Amino acid sequence: MSDSAWRLLAASAKGPKKKVNQDYHDMHVSSDGAEVFMAVADGHGSAAYPRSDIGSRLAVEAFLEVVTEFWRSCNRDDQLRHVHFRAKEDLPRDVVHNWRSRVRDHLEREPFTGAVPVGPEIYGTTLLGAVVSEWLVLGWQLGDGELCVLHSDGEPVLPLYDSSEPAGDETYSMCSPGARHLMRLYWAPVQAEQPLRLLTLSTDGLSNSFVSMADYLDFVRGIDRRLSDNGADQVAADLPEWLKRASSYSGDDTTFVGAWCNPRLQEGSDVRNSQVR
Amino acid sequence: MSGILKSGEVLRTAQGEDVTVLDYLGAGGQGEVYRVQHGGRVRALKWYYQQSATPMQRSIVEDLVNRAFDDDRFLWPTHMVLGSKESFGYLMDLRPPHFHGLSDLFRRQVNVTSRELVIACVYLVEAYRALHSQGIAYRDISYGNVFFDPATGNVLVCDNDNAVVEGGLSGIEGTMEFMAPELVRGDDGASPGTQTDLHSLAVLLFMMLMNHHPLEGALEFRIRCLDEKAKRQLYGKDPVFLFDPADDRNRPVPGEQDTVRATWEAATEPLRTLFIQTFTKGLTRPEARVRETQWRDALAAAHDLIVHCGGCERQNVVDLAAPGRTCWSCAKRLRLPPVLSITTSGPRVTRTVALTRDARVCAHHLVGEPVRHDYEDKVAEVVEHPRVPGRYGLRNLMPGTWKIRRPDGTSDEVPNGRSLDLKPGIRLQIGSVEAVIQPPTW
Amino acid sequence: MTAELPGGQMAHRPVHFFWLLDCSSSMSINGKIGSLNFAVREAIPEMQRVAKDNASAQLMVRAIMFANGAQWHVQAPTPIEDFHWTDVATSGITDLGAALRLVAEELRTPPMPPRALKPVLALVSDGQPTDDWRSGLRAVDDTPWGRRAVRVAVAIGQDADIAMLQEFLDNPELQPLQANNPKQLADAIRWMSTVAVKAASMPHGGRDTAVLPQPPTSVDDDADDVW
């Protein structure tokens, strides 16, 4: 992994007064160091979703299994529109299908007896996932949470931000009817003049701790600056405490993962050409 | 949002006209779309990513621009726009904001009545027929590139920059869900064209009307991991229609796929027959696939038989041949209103319109073989009497006068703006067309 | 030592709570208005306790009274810890529609912030509305936050318009609370103000609207059970 240009950040904090952390996350760099696969999920948590902590884990597992298979079948030489079709239409459907199978298996292994009707709903969760590579960056979002990208211009943007999403802590869910159609796609073939520097995924426990989205974007901008100034190890060490602080404001579980392209290792980047050489 | 192009940047069309970039609208599979100013009009510019700006794509777009396919149902490329080095794009009209993607329908974010949904289906098959009649295959029919207006049912087909002349470029296209089985299998000699478009169109219609994929039943439900191999099996090697009368392996799973059972039950017999044909025989024999005109006729007939449930007011499509239908929503028994039977001349076609309280008779009802259906081009509509609630009549919206003949032999005239009581037995002469009001058949 | 947290300003998200109180002259009969003032006073410490338990939410309270028209009783959103109750008095008719229109104005974004928790609408009435209350309800439903508001309602006495309250609640699984005596009223007000706040301040309700637990059924040990 040391020869990868990508450095990974990940941490999660349980909301104050919550029994379990219903968020889940996982990420890894491919064996050749070229790509990063990452996902976070936020189990709904309220009484109607008693197994949402498991639901969020199953969502992350389902996503990473499906996206790995998806990526194996993608070639840089494929026509972009074919890759786009599959990313937009096949992957959401496959992830939802895979998650529902996992939920059924889990229910069979551990039958549920409780006050709420038994079905996939009790596992309700959101999902955010991404693949970062040198030629294509992809992200998927179902429900709330933030996917943020930052390019060489240093400006963080929220490409999947949708002001029409339900507000007031309602969210779309993996268990919603027609869930696959609720998944939004971030599609960004990498253009030579705009290399990606940082991609982050976070659950809404983080953004909800800020007064406004602008304050949240300041957070990502700050992370990017600290990564450049202090290095990834220092940021990784500080992150858990920051998230704990955030969760004390939002009252919610708070999870943040990020893939940062170390400019010193990024092949062909302007930085390498102008500074290292 | 950062994009490839910047606001204020000026590009040129192939003819040398200025195109000024206003702002970024969104990203598509092959490029980004911008709002631009061109010759005093605000239009849309699709600009290809470096990876997609290939000589082949350029020749496809040049060909499409040269075809000058002027049809308001398609956002067709009208001008090539050239940038530095190899970069290029094309101009098209902007998509008006009241058009929604079909995925908004599937995620239940727009409300649409059965009437507008069926109208959208009629318009959609007519749009593809217009394209196919020019020998152009769309190749990527799926819900991603169809937009519709929930208020009127009007449709707009987008992403037309991959349509090709029949027999042109080949190669496996699209997503397997919408692909004809022979393309999914990669049969020798199979290539995308109008005949494979017909399969994709049928899948799309089924999804719009039934809210489910026609091949995703028990066989799909049992698969844990829908990998490439499983999908080839499901959509290519062994596709089985949910309601194949001769093969029940792929029926909807009770408790998991109940919606599609209900929507299938609520469809008319002629539509069910067409779906069965195209998803049984048509899966293996492309020439057996249902053609656009067949869809159009069955859909238009279904539209004309929409009635309101007396219990919950919901729209239902009734089947004149199947008495005793109940409402799909509240299960109350439906009651038929009187119907208007219209017979055209040359060719002689009889159509039946249920005279429910928002029924309309349109110009296309009066023509045996209409070029296009237009449900806003009304010649008559059912209206309530202005002073007697509950009394309905058929109002003449045509410039001319209708001649009517009552069962007792007396005759009369209904000028423009006046209405006729819905009394069975009354015969009307609407233009050159004969019509008669008939009592409910059940 | 952890470096300072990057990013802009952090804050707890607000839960805006609106009392909608019937102050028509019928409320003066049998001391109902006095019982109502008492019940609200009793509820405040409970609300403060619930707010403290949900430290991540900031509970902001306002009150509207309606009689001949509607007017603010407490207009500024007041943090519950600083909230003091001044008694309401009665006069005139039951213009609920005016109250709903007044609150609808506050449920737009802005003045509501885009990042809030669900607001709470707590309606107390003893009679039949005298104005076009349905158009007022539509005005509430036409705002994004009004649609999502957690709604609770108390019917005081037998003359209250239960069907209207049910329509206001807009949830077949929820009944207006019936209060036929001061004790029941105090219980109902305490229940509605605390449970609704809990429901609204819980992070993550999923797709569904918050599920309120069942209201209390207080034992009728009071001799004076008819007002």
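Note: the structure precedes this text.
Residues numbered from 1 in each chain as written. Chains lettered and ligands numbered in written order. Predicted model: local features only at pLDDT ≥ 70, side-chain atom pairs only at ≥ 80, totals over all residues. Heavy atoms only, no water.

(A) Up close: the overall build of chain A. Across its full length, chain A holds seven helices and 10 strands. In terms of overall size, chain A behaves like a compact globule, its C-alpha atoms giving a radius of gyration of 18 Å where 277 residues would be expected to give roughly 19 Å. Principal axes of the C-alpha set define a box for chain A whose edges measure 65 × 45 × 35 Å. Sequence separation of at least 24 residues holds for 73% of the intrachain contacts in chain A that already meet a minimum separation of 6. (Helix = DSSP H or I, 4+ residues; strand = E, 2+ residues; numbered from the N terminus. Rg over C-alpha atoms; globule rule 2.2 N^0.38 Å. Contact = heavy atoms within 4.5 Å.)

(B) Region of interest: the packing of helix 5 (residues 194–210) of chain B against helix 11 (residues 292–304) of chain B. Residue and element names in this part refer to chain B. The contact between helix 5 and helix 11 brings their axes to 11 Å, and the two run at 20°. Comparing their axes, helix 11 and helix 5 come out roughly parallel. Remark: the crossing between helix 5 and helix 11 carries right-handed chirality. Side by side, helix 5 and helix 11 meet where L198, L201, A202, L205 and L209 of the first sit next to E292, W295 and L299 of the second. (Axes fitted to C-alpha atoms, helices over the stretch in contact; angles between N-to-C directions. Parallel < 35°, antiparallel > 145°, perpendicular 65-115°, else oblique. Left-handed = near helix turned anticlockwise from the far one by under 90°.)

(C) Here's a closer look at the interface of chain B and chain A. Taken together, the contact between chain B and chain A spans 44 residues of the former and 36 residues of the latter. One salt bridge connects K231 of chain B with D94 of chain A, and the closest N-O pair in it is separated by 2.4 Å. At the junction of chain B with chain A, the criterion picks out 16 residue pairs in polar contact (both at pLDDT 80 or more). Elements supplying a minimum of two residues to the side of chain B that touches chain A: helix 2 (102–106), helix 6 (218–222) and helix 7 (228–237) of chain B. (Salt bridge = Lys/Arg side-chain N within 4 Å of Asp/Glu carboxyl O. Polar contact = N/O pair within 3.5 Å; in protein donor to acceptor, adjacent residues only side chain to side chain.)

(D) Seen up close, the arrangement of the chains. If you rank the two pairs of chains in contact by how many contacts each has, first place goes to chains A and C. Considering only C-alpha positions, the minimal separation of the non-contacting chain B and chain C is 13 Å.

(E) Representation of the nonpolar core in the model. By size, the foremost hydrophobic cluster in this structure holds 77 residues, and its most contacted members are F206, F275, W295 and L299 of chain B. With 13 residues, helix 3 (residues 114–133) of chain B is the single largest residue contributor to this core. In this structure W295 of chain B touches V125, A202, L205, L271, L274, F275, T278 and V290 of chain B, once residues within four positions along its chain are discounted. The next biggest cluster of nonpolar side chains, apart from the first, holds 55 residues, and it includes L64, F70 and M183 of chain A together with V19 of chain B. (Core = buried A, V, L, I, M, F, W, Y, C linked by side-chain atoms within 4.5 Å. Buried < 20%, exposed > 50% of the residue type's maximum accessible area, 1.4 Å probe, protein only.)

(F) Main features of the sheet that holds strand 4 (residues 41–48) of chain B. Residues and elements named next belong to chain B. Taken in spatial order, the six strands close into a barrel running 1-2-3-4-6-5, and their pairing is antiparallel. Strand-to-strand twist across the sheet, computed as the mean angle between neighbouring axes with direction ignored, equals 40°. Two elements, strand 5 (residues 79–82) and strand 6 (residues 88–92), share four bridges in a ladder whose sense is antiparallel. Note on strand 6: the bridge partner recorded for L82 is F88. (Pairing = 2+ DSSP bridges.)

(G) Molecular detail of the pairing of strand 3 (residues 31–38) of chain B. All names here are of chain B. Counting buried residues in strand 3 gives six out of eight residues, a clear majority hidden from the surface. The pairing of strand 2 (residues 18–27) with strand 3 spans seven bridges and is classified as antiparallel. Opposite G26, over in strand 3, you have V33 as the bridge partner. Linking strand 2 back to strand 3 in an antiparallel pair, the connection comprises three residues. Bridge count between strand 3 and strand 4: eight bridges; the pairing is antiparallel. Pairing of E32 across the sheet is with W47, part of strand 4.

(H) How the structure looks around the packing of helix 9 (residues 269–278) of chain B against helix 11 of chain B. All names here are of chain B. Running from amino to carboxyl end, helix 9 crosses helix 11 at an angle of 155°, the nearest separation of the two axes being 9 Å. As summarised for this structure, helix 9 and helix 11 are arranged roughly antiparallel, according to the angle between their axes. For the crossing formed where helix 9 meets helix 11, the hand is left-handed. On the side of helix 9, the interface is formed by L271, L274, F275, Q277 and T278, while helix 11 contributes Q294, W295, A298, L299 and A302. Its residues assigned to classes, the contact of helix 9 with helix 11 comprises seven nonpolar, three polar and no charged. (Nonpolar A, V, L, I, M, F, W, Y, C, P; charged D, E, K, R; others polar.)

(I) Main features of the pattern of salt bridges. One pass over the structure, following the stated rule, counts 53 salt bridges over all chains. Close ionic contact of E65 of chain A with R102 of chain A constitutes a salt bridge, the shortest N to O distance being 2.5 Å. Here R102 of chain A lies in helix 2 (residues 80–109) and E65 of chain A lies in helix 1 (residues 52–72), a separation of 37 residues in the sequence. Put simply, D141 of chain C and R151 of chain C hold a salt bridge, and the shortest N to O gap is 2.6 Å.

(J) Spatial organisation of the environment of A137 of chain B. Structurally, A137 of chain B can be placed in strand 8 (residues 136–137). Taking the C-alpha atoms as reference points, A137 of chain B and A68 of chain B, separated by 69 residues in sequence, lie 16 Å from one another.

(K) Summary view of the packing of aromatic side chains. Residues and elements named next belong to chain B. With the rule as written, the count across this model stands at 31 aromatic pairs over all chains. Seen from their ring centres, Y143 and F178 are 5.5 Å apart, and the 70° between their planes marks the pair as edge-to-face. With Y143 in the loop between strand 8 and strand 9 (146–148) and F178 in the loop between strand 11 (164–165) and helix 4 (181–185), the pair connects residues that are 35 residues apart, well separated along the chain. As far as the burial class goes, Y143 and F178 line up, both buried. (Phe/Tyr/Trp six-rings, centres within 6.5 Å; stacked < 30°, edge-to-face > 60°.)

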